Amino acid sequence: MSTLPKVASGITAFAVFATTVSFVISMAGSSMKSTVQVLFLPIAGDFDVSRGTLAIGTTLFAVVTALASSAVGHLADRIGAVPVLAIGAGITGVVLVVCALATDIRVFVPTYGILGAIGCTMLSFVPLGVLADQLFQGRNAGFLYAVLTNGAAVGFMVLVPLWTFLGAVTSWRQILLGVGVVFLVVMLPLSLLLVRYSNRNSAPPAPAEHGFWAGIRIAFADKRVRGLILPFVACGTTMAFIDVHLFPHMHDHGVAPVTSSVAFVLLGGLEIVGSLVAGRLCDKGLIRATLIGGYALRATAMMIAPFFAAEFTVLVFGALFGASYLITVVATTMWIAKILPRGRKGTAIGVLWALHMVAVAASSQLGAVLADAAHGYLPVILVSVALTLGAIVLVAMQPDPNRAPA
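Residues numbered from 1 in each chain as written. Predicted model: local features only at pLDDT ≥ 70, side-chain atom pairs only at ≥ 80, totals over all residues. Heavy atoms only, no water.

- In the annotation of an unreviewed UniProt entry, the entry for the protein chain reads MFS family arabinose efflux permease, and the organism field reads Saccharothrix longispora.
- Regarding the protein chain, the relevant UniProt record gives this comment under Subcellular location (unreviewed entry): "Cell membrane". (UniProt positions renumbered as here; feature names shortened; annotations may be inferred.)

Okay, structure coming up:
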């Protein structure tokens, strides 16, 4: 019996180590999108292409992420989330180096849009959601999932201002090259160390309940999952605005770099607060109310977006959108974890994110094309407001997940 406390202590130590390393990798993984997001206009100018042409890369990124999400979720069910994170770290480092050295847009776009999307998906909310369930087996999973996903929020607070500063003193190529080297020299060995300790301290993942295609069919056949996918389209549409169009939108309104940097610090800081509050509320059984509140904040933020001529509104937008940023992710993921059995969660979360990224792809390309044609992002903003208000109604119509059997 004297060995039991030691075993429990070892498991706890591994869980803390895994959470810390996964958080760091998640934070670094956000650089795959944030570098291109901040440096979008310099990249387009260097390649001498229009916004719409470069947006093909971001659109392709979203499409491939959509196609890869279900496979990554199923792979995490099969081999465990930790090896998936390690593979993603290696791919991401290679992609950043290749993109930095690319001299032709025809090399940059497929490298970033295809391989970059696969690497980023392996470091994203899908395997992190599976990891939270595998590490903590549903106990306080909402709060712990919020902690894991906050790496992206810290990325907004720390990395976006860093890219903004570096973009003024050096080229975008040097920035991407430096980040790629950090991934290969630091993040990849760290993730491999996590795999090593994971093999020692955790049981092998339980086999997925169904094969890949069967799991996808079952996910779509479940009306409860379908009832969460359509509102999540609004989440994808508005996240595309942040990922692709926000910096050009601020540029069009003459927003000062210092204001945009402060706005992203607010966005990242309140993203952390909002996600942790959402995680705790979900653990208390308030999943539906939390999701409705998240979409309400998102709709309010998008209503403010057309008024960036007054720079104060940029800060208000960053605060409101940041507060909502991960609420929708945490609450929707915990909703699925609540209503589905183990062995089906990873694939279902992957399906959810696949449809989410379809919305991102559509908003990415449509927004860029309309911006070129209409000289502004107002049409996409109005569509985002309408979709987000509709999401509030759709979520309110869903049965409370706490009444469904796990």
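That shown, we press on.
## A closer look at the overall build of the protein chain
Reasoning step 1: Along its length, the protein chain carries 17 helices and zero strands.
Reasoning step 2: Within the protein chain, the fraction of its 406 residues that count as buried is 55%.
Reasoning step 3: Of the contacts formed within the protein chain by residues at least 6 apart in sequence, a portion of 86% connects residues at least 24 apart.
Reasoning step 4: Carbon and sulfur atoms make up 72% of the accessible area of the protein chain, which totals about 15900 Å². (Helix = DSSP H or I, 4+ residues; strand = E, 2+ residues; numbered from the N terminus. Buried < 20%, exposed > 50% of the residue type's maximum accessible area, 1.4 Å probe, protein only. Contact = heavy atoms within 4.5 Å. Areas by Shrake-Rupley, 256 points an atom, 1.4 Å probe, with all protein chains shown as cover.)

## Quick notes on the environment of Val 158
Reasoning step 1: Following the sequence through the fold, Val 158 ends up in helix α8 (residues 141–169).
Reasoning step 2: For the pair formed by Val 158 and Phe 264, sequence separation is 106 residues and the distance between their alpha carbons is 9.1 Å.

## Some thoughts on the pattern of salt bridges
Oppositely charged side chains may form a pair once their charged atoms are brought near each other.
Reasoning step 1: Here the structure, examined in full by the defined rule, presents three salt bridges.
Reasoning step 2: Measuring nitrogen to oxygen at the nearest pair gives 3.3 Å for the salt bridge that ties Arg 173 to Asp 46. On the criterion of sequence distance, the pair formed by Arg 173 in helix α9 (residues 172–201) and Asp 46 in helix α3 (residues 40–47) is long-range, its members being 127 residues apart.
Reasoning step 3: Among the ionic pairs, Arg 106 bridges to Asp 104, the shortest N-O distance being 2.8 Å.
Reasoning step 4: Given a relative accessible area of 24%, Asp 104 falls into the partly exposed group. (Salt bridge = Lys/Arg side-chain N within 4 Å of Asp/Glu carboxyl O.)

## Overview of the nonpolar core
Reasoning step 1: Counting residues in each nonpolar core, the largest one holds 114 residues, and the members touching the most others are Phe 108, Tyr 295 and Phe 317.
Reasoning step 2: Counting residues per element, this core draws most heavily on helix α11 (residues 223–252), at 13 residues.
Reasoning step 3: With residues near it in sequence (within four places) discarded, Phe 108 still touches Val 36, Ile 43, Phe 47, Leu 54, Cys 99, Ala 102, Gly 113, Trp 172 and Leu 176.
Reasoning step 4: Ala 62, Ala 240, Met 357 and Ala 361 belong to the second largest nonpolar core, which has six residues in total. (Core = buried A, V, L, I, M, F, W, Y, C linked by side-chain atoms within 4.5 Å.)

## Things to note about α3
Reasoning step 1: Among the residues of α3, those classed as buried are Phe 40, Ile 43, Ala 44 and Phe 47. Down the axis of α3, the buried side of the element spans an arc of 95°, and every buried residue falls inside it.
Reasoning step 2: Asp 48 sits one or two positions beyond α3 and adopts a positive phi of about 60°. (Arc of directions from axis to C-beta.)

## Examining the packing of aromatic side chains
Reasoning step 1: By the definition in use, this model includes twelve aromatic pairs.
Reasoning step 2: Note on Phe 108 and Trp 172: the rings are 5.8 Å apart at their centroids and 90° apart in plane angle, and the pair reads as edge-to-face. You can see Phe 108 sitting in helix α6 (residues 105–121) and its partner Trp 172 sitting in helix α9, a full 64 residues away along the chain. Trp 172 shares its class with Phe 108; the two are buried.
Reasoning step 3: With 5.3 Å between their ring centres and 90° between their planes, Phe 232 and Trp 353 make a pair best called edge-to-face. (Phe/Tyr/Trp six-rings, centres within 6.5 Å; stacked < 30°, edge-to-face > 60°.)

## Regarding the packing of helix α2 (residues 31–38) against α6
Reasoning step 1: Axis separation between α2 and α6 bottoms out at 10 Å; the angle between their running directions is 145°. Two secondary-structure elements touch here, α2 through Met 32, Lys 33 and Val 36 and α6 through Phe 108, Tyr 112, Gly 116 and Cys 120.
Reasoning step 2: Tallied by class, residues from the contact of α2 with α6 come to five nonpolar, one polar and one charged. (Axes fitted to C-alpha atoms, helices over the stretch in contact; angles between N-to-C directions. Nonpolar A, V, L, I, M, F, W, Y, C, P; charged D, E, K, R; others polar.)

## Points about the side chain of His 249
Reasoning step 1: On the secondary structure map, His 249 appears in helix α11.
Reasoning step 2: Setting aside anything within four residues of it in sequence, one finds His 249 in contact with Phe 241, Ala 305, Phe 308, Tyr 377 and Ile 381.

## What about α2?
Along an α-helix, residues three or four apart share an orientation, since each turn contains 3.6 residues.
Reasoning step 1: Most of α2 sits out of view: seven of its eight residues are buried.
Reasoning step 2: Within α2, burial applies to Ser 31, Met 32, Ser 34, Thr 35, Val 36, Gln 37 and Val 38.

## A short note on the confidence of the model for the protein chain
Reasoning step 1: Here the protein chain shows a mean pLDDT of 83. Residues at 70 or above account for 89%.
Reasoning step 2: Ranking the elements of the protein chain by mean pLDDT puts helix α1 (residues 3–29) last, at 67, and helix α13 (residues 287–304) first, at 95.
Reasoning step 3: For residues 1–11, every residue scores under 50 in pLDDT, and the model assigns this stretch one contact once sequence neighbours within four places are set aside. (pLDDT = per-residue confidence, 0-100.)

## Here's the deal with unusual backbone geometry
Reasoning step 1: Phi at Asp 48 is positive, roughly 60°, even though this residue is not glycine.
Reasoning step 2: Following the sequence through the fold, Asp 48 ends up in the loop between α3 and α4 (51–79).

## Structural notes on a nonpolar patch on the surface
Reasoning step 1: A grouping of Val 94, Val 98, Val 107, Val 181, Val 182, Leu 184, Val 185 and Val 186 is seen on the molecular surface, where their side chains present a nonpolar patch of about 580 Å² in accessible area.
Reasoning step 2: Tracing the backbone through its elements, the reader meets Val 107 in helix α6. (Patch = residues over 30% accessible without salt bridge, like charges linked within 9 Å, V, L, I, M, F, W, Y side chains within 5 Å.)

## What to know about the packing of helix α12 (residues 257–283) against helix α15 (residues 327–339)
Relative orientation and spacing of two packed helices are given, respectively, by the angle between their axes and the distance between those axes.
Reasoning step 1: Across the interface, α12 lies against α15 with an axial gap of 8 Å and an inter-helix angle of 25°. Relative to α15, the element α12 is oriented roughly parallel. Seen along the crossing, α12 lies across α15 with a hand that is right-handed. Together, Gly 274, Ser 275, Ala 278, Gly 279 and Cys 282 of α12 and Ile 327, Val 330, Ala 331 and Met 334 of α15 make up the contact between the two elements.
Reasoning step 2: Residues of the contact of α12 with α15, tallied by class, amount to six nonpolar, three polar and no charged. (Parallel < 35°, antiparallel > 145°, perpendicular 65-115°, else oblique. Left-handed = near helix turned anticlockwise from the far one by under 90°.)

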